[in-house]
Amino acid sequence: QVQLVESGGGLVQPGGSLRLSCAASRCIFSIYAMGWYRQAPGKQRELVATFTSGSITNYADSAKGRFIISRDNDKNTVYLQMNSLKPEDTAVYYCYAKIIPMEFWGQGTQVTVSS
């Protein structure tokens, strides 16, 4: 099992940047998949960006070119650098981990993009 704790959310103006962090309670090197999902009000939770098998990255089309997922194995932490933020990026962002066959979620961090 693993516990995931997100941080770094907040209020930012359109065009601004934020970096989200997800601290895991155990070594992340061997975790099958880790990454970020988000859920906006009234919408389903959707993938933002993930690592699979350690190094294979997958981005939602809406995140490509603006968001970067990275990891620090020494700190057991996954990051999401979000640039050129838009109001439609407003959502609760959740950290995700898959240790086959189980899935784990953090509590979420709110990101609000507004002027």
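Right above here is the structure, for reference.
Report follows, based on the coordinates. (Residues numbered from 1 in each chain as written. Predicted model: local features only at pLDDT ≥ 70, side-chain atom pairs only at ≥ 80, totals over all residues. Heavy atoms only, no water.)

### A short note on the overall build of the protein
Phase 1 of the analysis: Scanning the protein from N- to C-terminus turns up 0 helices and 11 strands.
Phase 2 of the analysis: The C-alpha atoms of the protein give 13 Å as radius of gyration, which agrees with the globular expectation for 115 residues (13 Å, within 12%).
Phase 3 of the analysis: Principal axes of the C-alpha set define a box for the protein whose edges measure 40 × 25 × 25 Å.
Phase 4 of the analysis: Counting only residues that meet the buried cut, the protein has 43% of its 115 residues in that class.
Phase 5 of the analysis: Once local pairs closer than 6 in sequence are excluded, the contacts in the protein between residues at least 24 apart make up 53%.
Phase 6 of the analysis: Summed over its atoms, the accessible surface of the protein is roughly 6,000 Å², and 49% of this surface lies on carbon and sulfur atoms.
Phase 7 of the analysis: The centroid of the 11 positive side-chain charges in the protein is displaced by 1 Å from the centroid of its 8 negative side-chain charges. (Helix = DSSP H or I, 4+ residues; strand = E, 2+ residues; numbered from the N terminus. Rg over C-alpha atoms; globule rule 2.2 N^0.38 Å. Buried < 20%, exposed > 50% of the residue type's maximum accessible area, 1.4 Å probe, protein only. Contact = heavy atoms within 4.5 Å. Areas by Shrake-Rupley, 256 points an atom, 1.4 Å probe, with all protein chains shown as cover. Lys, Arg positive; Asp, Glu negative; His and termini not counted. Charge placed at Lys NZ, Arg CZ, Asp CG, Glu CD.)

### Some details on the pairing of strand β5 (residues 46-52)
Phase 1 of the analysis: Burial within β5 is extensive, with 5 of its 7 residues counted as buried.
Phase 2 of the analysis: Alignment of strand β4 (residues 33-39) against β5, held across 6 bridges, turns out to be antiparallel. The residue bridging M34 from the neighbouring strand is F51, located in β5.
Phase 3 of the analysis: Following β4, the chain reverses through 6 residues before pairing antiparallel with β5; G42 in that reversal takes a positive phi of roughly 75°.
Phase 4 of the analysis: Pairing geometry for β5 and strand β6 (residues 56-59), over 4 bridges, is antiparallel. Along β6, the bridge assignment pairs A49 with Y59. (Pairing = 2+ DSSP bridges.)

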